[in-house]
Each structure stands twice: as structure tokens, then as C-alpha cells.
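Here are the chains, one letter per residue:
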There are 2 protein chains.
Amino acid sequence: GTVGHRNTTKWDVRSSQTANNTFNPIRALVDEMDIRPNPEKKVITLSLGDPTVFGNFQPAEQVLQSVVDAIKNGKNNGYSPSFGHATARDAVAAYVSVQGPEVNGGDVYLASGCSDAINMAISVLADPEDNILIPRPGFSLYETLSLSQGIHVKHYDCLPEKSWEVDLEHLESLIDRKTKAIVVVNPSNPCGSNFNAEHIRAILEVAENNKVPILADEIYADLVFHDKSFHSFSSLSSSVPILSCGGIGKKFLVPGWRMGWVVVHDRNEIFGSEIRTGLVKLSQRILGPCTLIQAALPGILSTPEACHQETIAKLEKNADLLYEKLRIIPGLKPIKPEAAMYMMVGFDRNHLPEFKDEVAFTERLMCEQSVFCLPSKCFKYSNYFRIVLTVPEDQTEEACKRLEEFCLKHYKP
Amino acid sequence: GTVGHRNTTKWDVRSSQTANNTFNPIRALVDEMDIRPNPEKKVITLSLGDPTVFGNFQPAEQVLQSVVDAIKNGKNNGYSPSFGHATARDAVAAYVSVQGPEVNGGDVYLASGCSDAINMAISVLADPEDNILIPRPGFSLYETLSLSQGIHVKHYDCLPEKSWEVDLEHLESLIDRKTKAIVVVNPSNPCGSNFNAEHIRAILEVAENNKVPILADEIYADLVFHDKSFHSFSSLSSSVPILSCGGIGKKFLVPGWRMGWVVVHDRNEIFGSEIRTGLVKLSQRILGPCTLIQAALPGILSTPEACHQETIAKLEKNADLLYEKLRIIPGLKPIKPEAAMYMMVGFDRNHLPEFKDEVAFTERLMCEQSVFCLPSKCFKYSNYFRIVLTVPEDQTEEACKRLEEFCLKHYKP
Ligand SMILES: Cc1ncc(COP(=O)(O)O)c(C=O)c1O
Ligand SMILES: Cc1ncc(COP(=O)(O)O)c(C=O)c1O
């Protein structure tokens, strides 16, 4: 018996604080929004960060065939080491070595999607009560994962008037003794920005001066438009320790396959063996990503460059179309994207005074025009909405028309 | 400038306590063991809980074909809801409803392997400083996951002389105000035990009387030998709230594919919506298992029963062989398994006094006979070693011979 230990007369089961604190701001906000479309107009969804939903972006045949081969081979059904098979890690190492300093398979830790990679990277660097610095506007997963573990986040500003470059002074002002990482997302979701080498160097200098490691989310590496170049953070520093997170979901158009990685860049041995051991230990919690996709990685990662060029060309075409159409709509101010799959569009509250904020704006846009965009509140930012560049051209064009009608109706000169 | 905030003169990056506390006892122990084989004898590995390593257990053709079909279909590359696609959840619901009370897709939360399912189940029930009760001897993942999050574990004893049934008094004595779950693993790794209905009811009564939910790890459901039946915990209670964790890795012989699930059994609405909401939130951290495997689930789970019967027959044959041979070796005391893929073998230190513990025993067995088994210390238990039942028959027989030679050599009457 346990009398005295425990109230045994009635059930009282509650969900943990850990679960309660696992908070996805996009979900929470969208669930609370009033998003009833206009029944007279077909809905156009410009909100989904999944390039596969419309069918206009398809993975290359080689990507699919590589998994079929992995199944046929018959040797890829057992457990892998929790941080990934050596051949898969080697393939990732060769692949990312093109973008920056050479790494080898031992520097690569596979994960179940870039989300899990980010989870491992945050978890290995920060403990409850520590903090990490994350961009604003920014992808919400960093906050979700941190708060879930009792790690604090502080938001540094990115500046629309400077193509979303980081406000370096603001960034530096946030650093304190408990800051365990500067998170950079380049190219950016939700901004579609792509930092130039000089700006990356400036961020690295802040990291170096304050001795804070960089966690670089580079899942959109290489998805940059034709006249821009992607620079990885690791390619521009040999002294700042960097954990670079990536994955195949976006570039190879298979986000559901859940394959990501953390690459350790540590040429000055500042992370030393401790961080690597930590990543190995953390990987043992769920034992790594699907072995079929691991076995397919060498094939997937060697998909001909032409396939990616086609993807990029389509994204860029949509970006140009949107930018040209939206910039002449009174009250709107699109920020031209240079990479990734998104663009941010500002709206001028002085001229669109009916809408008290971007949530009100996007709700009414849905209600009147059946066009759905994410309000920038999802990214901890005000007065913008995000449009994805992955929607078929005809729908993108129709959406622009409706946005024009909407703004003309509500514009106050 | 941040002078005063932070020492900026030298790097000092350490891995988090979270990572340091993520401790896999098997890895830690095996890494420290002295396991150099006898160069004159070919190594026989009886330690690996992966049924696919020897090639004698192969997934059914339908299992493989279901994934090929999922790829060919072309519609399974995008994100799923983080807790799984409705069709996949429905397929799991139909599958587990055969073993117990009927559930529907809404009761199923998919995860990246049973490990991730267990992680979600522990995380949703317990916070740092809470505790969960876990079996001894027992599978180490519960401890790894709990300690990683600052959740305490308390071990309750299972009794070899009672076919590894739970010492119910000991179990109940451990319950206190901070106990958030009783973890049961049935059939068991490492014991190969399978509880009868009466014993399960007795455990449920302890849970009911103390108002503690059950976390049932039923990944070896149905892998029970011919004259035994599997009873799920949920089939024998309508009042105790139960989270049942499972997956396809073991029964369908594809542990690398990382597909598992938590099924919520809550007919009295004790978990209510809170635990379900918590599971949804937790699933948003890494966005669910591979969508190709999700799409293949209806096909995988409807694999003809004959395939499983063949698997079970092979396991049972090996179990019989091992049991019959080992029980007559002086100094050894195998406990007959009734399910799963493992058996525990005790050794009598009175008659094998050279070995101060099971680690010394298994090290020397490797050194002299090139046979490797896991010492029960990996499972927080003493004076046993674990043998897997998935090794090809000829190697199993050879291992028995060597064990006999070894024991005869060291036996003191
Ligand atoms: C910046 C960024 N990082 C990480 C992720 C997550 O990637 P994955 O789907 O591989 O987990 C996303 C997904 O949208 C993203 O936009
Ligand atoms: C009792 C038990 N539960 C859970 C697991 C983990 O299963 P999975 O490989 O699906 O993560 C194992 C693996 O050996 C196990 O023995």
C-alpha cells in the first residue's frame, strides 16, 4: 500500500509542462484566425511551405529511382548507427564540401529531417535557462524547439530596407553570458533573402568577437536565383565553430521523406570532441532517419544540376511575376526575394487603415477574395504577409489580380 | 559592445547537460568492455537486437512492394500532418483493434520508430523531477530518454523464477506522488517473457488502485510462440488510461525504416483532450515519420499472417534449441522464452567463481570462445546474459557447443 504517498481516490492525469510549452506559433495563430473564404471564389492558398502540394514541382526521376534501388537491394532494412550509415554520411560530406571547406563523413550527423537536425543542434549547445538568438522575422521552429526544452530565445531584427540583412548592432546587444548560439537562416524562410559574402563575414565577426558559435540553417542552400550566389557560413570563416543544418526536403522536393543533417565545422577544435559526443548521444534517442532514404542518399545527392536549375527557374519566374505585379498595387510593398521559396509583402497601414494589423488584413483578404497568405505575426513580425513562390503560375496571376482588387477597394489616399 | 556581459577573450563551448545526460547504458558499457575475440575462432555475435543482420529473417515481398508502390504513386513526397496521414493512422487503428478494444485513426499518433513513440509518450506524461517506473531487467531506452529530460526512473523487479512476472509488491512500493507512469514491456526485451491475462490484470489493478497511467511498450505484440497468446494491456482494462507504443520494426523485420506509433486508450476520458493535444504538440518538433513508409502502412500491416507464422516458428525453433542445450550445461540456467527475440541465461557464480560478475563472464567468453552476448548489466540486472534468437541455426548450435566447452572448463563442483 501507498497510503500517504499519493491520493488514490481519483484520477488526475495532466499533460506535462514540456508538452504544454511545445508551442507552434503558426498552428496556434492559424487555428485562431477567422479564415472563411468567399464562397463565390475558388480558394488560392499561398501559405504552404510544401513545394509538392500543387504537383508543379516534382522530384527528379533519379531521386525516386534511388529509393526503389535501395529497396530492391535488400540490405537496407536493418538499424543503422543512430547518427547514420557511413556511406550516407560520406555522401553528405562530399555534397556539402562543394559549398565550403572540405568535411568528411565523420563530421556529418544524420537526422530525421532538418527539424530533427535543428533539434539536435540546439539541444547539444543549450540547456534550460540558456538562450539562443534567432532572426525576426523568422521560421518558428527554433522557438518551438527551444521553449519545449526551457531554453530561451531572443529575437534579433532583420531589416527589410536592406534586403533583410541582420541589424548587427541589435544582434550584438542581445548577447549575454547565457547565449549559446546565434541562429542564422540563410537563404531565409520567410524572407527569401540571400546574404552576400560581406554580410556573412560581418555576422561571423560578431560571433568571433563574442565567442558565440553559429547554428546555420542552410536548408535552402543553392536554391538561389540566377544572378546570386550562395555562400555557406563555413566557407567564410576558419575560426568560428559552426553547426550547419541541412536536408534534402526542399531542394530535392521530398519534404515528407524526413532526411536532414548536422555538419560540424570546427577547424580550430573549439567544439572539440564534446559536441560531437553530445550529437552522438542525442541521436541515440530516436535512432536516426529511415535507412531506405539513407541508402538512397548517394543517388539523390548526385541528381543532375539541370533538375535544380529547372526548379530555381520556376521559383524565380514566379518571384518576378509577383514582384512586378505587387509593387504597383497601391498600399503594398513586396521585398524582392533572391532565393528559397518565399517572399514577404509589406502593406501600408497609413493607406489601408481599415486593417489594424496583418492578421486583420489576411483574414479579410480570405473573406473577400479567397486568397490565403500567412500574416507575418507567424514569424514574430508586423505589417507583412508571406507568399510562397511554389504556386502554379495561373493561380499566382489570379492571386495578384485579386490582391489588386482588394487593395484598390480599401486604399485611402 | 557587450563588455561586462560576457568574457569575449576566449572560446569556451561545452556540450549541454541535456546531451551529457543522454546516456545509453548498453553503448557505455560495451564501449568499456574488453571484447577482443579469440583469433583462432570465428566470432559469433549473439548480442544484436536487429533481426535483419544475418539475412535469415527477410521482410515479406508485400512489405517491400508497398513502399515501391508508394514511390510510384508520386503523391507521397510532401509533408504529412506531424502526427501522421489519416490513411496511415486508420491502418494502424484497424491493425491494433484486432488485439484489443476498437480504436480509430484519431487515437493513433505516428512517430519515427517506436523509440520516438516512447519519447513522445514519456514526454507528454512526465516533467523534470517526476518519475516513471520501469522494469528490471529492462530495455535501456526508457532510462536514456528519461534522464535526458531530467525525469527520474525507478526500477521494479521482474522475477526469473516466475517467468519474469512483475514483483507486484515491489512495483506498488515505488509509487509516490511524482509517479507519472508505470512502463510495462510485454513481450519483453531482454527477457522474452509474455505475461498471461491474469498477471496483466494484476498489474492493471496496481495502476488503478494508485491512479497511475500505464505506458505499454507492445512492440513485440503477436511475436509470441505457438502455445501462448498475446494479451494487450488495453484488452484487459476499460478504466486504466493506457498509452500503447508499437511499430513495424520487429514484426515486419524492417527496424531501419523508423515507423512507430502511440495509441491512446482512454475509454473513461481520464487523459481527456489534454494528453492528445500534448501528443500533437510534441509531434510538431520533428514532423513525423517518412511519408513513403506512411503510405505503405496499409499494405505492410495487411501482410499475410503466414509470413509472421514463419518468423515466429524460426524464433521458437531457435529458442527450443538454445533452451535444451543450455539447460544441461553445468553452471547455466536459461529462462525459457515465450515470445519476442531474446532469452536470458543465468550463470551460477557459486560454481563459476572465477567470474566476479556477468561482465567478466561475457568478456572471457569472447576472449576464449569468440562468442559475444550482452551482460545483464546492460539491463540493470546481475548474473545473467542475453542471447538473441535471430541467429542462424548453425551458428546458434556452434555457440552452444562453445558455451559448453567454456563452462566445463571453468566449472567448480
Ligand atoms: C528554414 C527552415 N529550416 C528547417 C525547416 C525544416 O525542414 P525539414 O522539413 O527537413 O524538417 C524548414 C521547413 O520549412 C525551414 O523553412
Ligand atoms: C522493448 C523495445 N521497445 C522499443 C524498441 C525500439 O523500437 P524502434 O526500433 O522501432 O525504435 C525496441 C528495440 O529494440 C525494444 O526492444
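The text that follows walks through the structure, step by step, so that each part is easy to find. (Residues numbered from 1 in each chain as written. Chains lettered and ligands numbered in written order. Predicted model: local features only at pLDDT ≥ 70, side-chain atom pairs only at ≥ 80, totals over all residues. Heavy atoms only, no water.)

1. Side note on the sheet that holds strand β7 (residues 214–217) of chain B
Pairing between the strands of a sheet comes from backbone hydrogen bonds, and it takes one of two forms, parallel or antiparallel.
All names here are of chain B.
At step 1: An order of β2-β9-β8-β7-β6-β3-β4-β5 is seen for the eight strands of this open sheet, with the pairing classed as mixed. Looking along the sheet, the strands with just one partner apiece sit at the ends: β2 (108–111) and β5 (165–166).
At step 2: Note: β2 against strand β9 (residues 260–265), four bridges, orientation antiparallel. Along β9, the bridge assignment pairs A111 with G260. (Pairing = 2+ DSSP bridges. Helix = DSSP H or I, 4+ residues; strand = E, 2+ residues; numbered from the N terminus.)

2. Topic: the site of ligand 2
At step 1: Inspection of the region around ligand 2 gives 13 residues, with A:Y79, B:S115, B:N189, B:D217 and B:Y220 positioned closest.
At step 2: With respect to ligand 2, the chains having nearby residues are chains A and B.
At step 3: The contact in question runs from an oxygen atom of ligand 2 to an N or O atom on the side chain of B:N189, over 2.8 Å.
At step 4: A distance of 2.8 Å separates an oxygen atom of ligand 2 from a polar atom in the side chain of B:R258.
At step 5: Protein chains shield 97% of the accessible area of ligand 2, which is 400 Å² for the free molecule.
At step 6: Per-element tally for the shell around ligand 2: the top contributor is helix α5 (residues 113–125) of chain B, with four residues.
At step 7: Here the residues of the shell around ligand 2 sort into seven nonpolar, three polar and three charged. (Near = heavy atom within 4 Å. Polar contact = N/O pair within 3.5 Å; in protein donor to acceptor, adjacent residues only side chain to side chain. Areas by Shrake-Rupley, 256 points an atom, 1.4 Å probe, with all protein chains shown as cover. Nonpolar A, V, L, I, M, F, W, Y, C, P; charged D, E, K, R; others polar.)

3. A word on the site of ligand 1
At step 1: Around ligand 1, a shell composed of 13 residues is seen, among which A:S115, A:N189, A:D217, A:Y220 and B:Y79 lie nearest.
At step 2: Two or more chains meet at ligand 1, and those chains are chains A and B.
At step 3: In the environment of ligand 1, a nitrogen atom lies 2.5 Å from a nitrogen or oxygen atom belonging to the side chain of A:D217.
At step 4: Bound to the protein, ligand 1 loses 96% of the 390 Å² it would expose on its own.

4. A short note on the interface of chain A and chain B
At step 1: Facing 88 residues of chain A, the contacting portion of chain B comprises 88 residues.
At step 2: Taken together, the connections running from chain A to chain B amount to two salt bridges.
At step 3: Between B:R14 and A:E274 there is a salt bridge, and its shortest N-O distance comes to 2.9 Å.
At step 4: The interface formed by chain A and chain B includes 31 residue pairs in polar contact (both at pLDDT 80 or more).
At step 5: Secondary structure elements with two or more residues in the side of chain A that touches chain B: α1 (17–20), α3 (61–73), α5 (113–125), α6 (141–148), α8 (197–210), α9 (272–283) and α10 (291–301) of chain A.
At step 6: With six residues, α5(A) is the largest single contributor of residues to the side of chain A that touches chain B.
At step 7: Considering only residue class, the side of chain A that touches chain B consists of 35 nonpolar, 36 polar and 17 charged. (Contact = heavy atoms within 4.5 Å. Salt bridge = Lys/Arg side-chain N within 4 Å of Asp/Glu carboxyl O.)

5. Quick notes on helix α12 (residues 358–369) of chain B
Quick reminder: α-helices carry 3.6 residues per turn. Residues three or four places apart thus point the same way.
Residue and element names in this part refer to chain B.
At step 1: End to end, α12 covers 16 Å across twelve residues, agreeing with the expected 16 Å (1.5 Å per residue, within 8%).
At step 2: With respect to burial, α12 is a largely interior element, nine of its twelve residues being buried.
At step 3: Within α12 the residues assigned to the buried category are E358, V359, A360, F361, T362, L365, M366, E368 and Q369.
At step 4: Measuring from the side-chain oxygen of the N-cap residue of α12 to the backbone nitrogen of V359 gives 3.1 Å; that N-cap residue is D357.
At step 5: S370, located one to two residues past α12, shows a positive phi value of around 55°. (Expected span 1.5 Å × (residues − 1). Buried < 20%, exposed > 50% of the residue type's maximum accessible area, 1.4 Å probe, protein only.)

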